[in-house]
Amino acid sequence: MLNVRPILPKLEGGRVQGLLQLIEDGIHLVVAGLLVLLAGLLTVEVVHDVIRSIQGPYRAETVVLSALDNGLVLFIVAELLHTVRLTIRNRTLDAEPFLVVGLIAGIRKVLIVTAEAEKSFRWNVEGIELLILAGLILVMATAVYVWRRSTRPGDYFPLQEARRSPPPEPSPTSARGS
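Small disclaimer: the values here were computed from a predicted structure and weren't measured. (Residues numbered from 1 in each chain as written. Predicted model: local features only at pLDDT ≥ 70, side-chain atom pairs only at ≥ 80, totals over all residues. Heavy atoms only, no water.)

Asker: Residues and numbers for the environment of R52, please.
Answerer: Among the secondary structure elements, R52 is positioned in helix 1 (residues 13-55). Using a relative accessible area of 48% as the deciding quantity, one classes R52 as partly exposed. As for R52 and V63, which are separated by 11 residues in sequence, their C-alpha atoms are 9.1 Å apart. (Helix = DSSP H or I, 4+ residues; strand = E, 2+ residues; numbered from the N terminus. Buried < 20%, exposed > 50% of the residue type's maximum accessible area, 1.4 Å probe, protein only.)

Following this line, the structure appears as structure tokens:
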């Protein structure tokens with residue numbers, strides 16, 4: 001019988017996997033470095049805006065809106081950096097941190113829209129935007145709840161988990177002490 005070889009040579013799995021993992025880790029480290037750089041720049045920007053606003057014609061609304069907006073963006077960057085760190089550590093991409101970042105971004109936008117529209121709120125533009133954002137936040141919060149419940153059922157049903165697990169065995173040290 002004739003022995004047929006495949007057209008493409010079979011690559012050695014260990015070496016290729018290791019090389020791809022090294023490249024993937026390198027990309028993650030570059031992204032993490034860029035996020036750290038962005039966080040530093042945002043921090044300097046927030047401090048600079050607050051100082052400039054206090055020195056010039058002082059308007060509390062402007063200072064608060066600028067600090068709130070940039071501060072929440074900084075918080076989003078910190079959560080993205082946390083997500084990259086978890087991805088590097090666990091070697092998996094988890095959806096939950098991205099949902100949390102989306103929640104923070106939605107809440108940030110709601111806070112900014114309501115703060116800007118405090119004196120001149122109109123339902124035609126800001127109202128529709130707020131309703132859409134509220135719906136989006138509700139959907140993401142529900143997604144986070146469902147995700148956590150499906151991946152960590154013990155957090156939601158501790159009594160059921162305790163009934164399923166066998167009782168702990170007595171340790172030898174506690175038997176001697178009695």
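Here the narrative resumes, following the displayed structure.
Asker: I'd like to hear about a nonpolar patch on the surface, residue by residue, with values.
Answerer: A contiguous nonpolar surface patch, about 630 Å² in accessible area, is contributed by V16, L19, L20, L22, I23, I27 and V31. Take V16: it is sitting in helix 1. What makes V16 partly exposed here is its relative accessible area of 32%. (Patch = residues over 30% accessible without salt bridge, like charges linked within 9 Å, V, L, I, M, F, W, Y side chains within 5 Å. Areas by Shrake-Rupley, 256 points an atom, 1.4 Å probe, with all protein chains shown as cover. Salt bridge = Lys/Arg side-chain N within 4 Å of Asp/Glu carboxyl O.)

Asker: Describe helix 2 (residues 60-90), naming the residues involved and giving the relevant values.
Answerer: Taking 1.5 Å per residue, 31 residues should reach 45 Å; helix 2 reaches 44 Å between its end C-alpha atoms and fits that length. Among the residues of helix 2, V63, N70, L72, I76, V77, E79, T83, V84, L86 and T87 are the ones counted as buried. Positive backbone phi, at 60 degrees, marks R91, one or two positions downstream of helix 2. (Expected span 1.5 Å × (residues − 1).)

Asker: Quick one: what's the story with the packing of helix 2 against helix 3 (residues 95-116), residue by residue and with numbers?
Answerer: Relative to each other, helix 2 and helix 3 sit at 175 degrees, their axes nearing to 9 Å. It follows that helix 2 is roughly antiparallel to helix 3 by the angle criterion. The segment helix 2 lies against helix 3, with L65, L68, D69, L72, V73, F75, I76, E79, L80, T83 and L86 engaging P97, F98, V100, V101, I104, A105, R108, L111, I112, A115 and E116. Its residues assigned to classes, the contact of helix 2 with helix 3 comprises 17 nonpolar, one polar and four charged. (Axes fitted to C-alpha atoms, helices over the stretch in contact; angles between N-to-C directions. Parallel < 35°, antiparallel > 145°, perpendicular 65-115°, else oblique. Contact = heavy atoms within 4.5 Å. Nonpolar A, V, L, I, M, F, W, Y, C, P; charged D, E, K, R; others polar.)

Interpretation in functional terms is not warranted from these geometric data alone.
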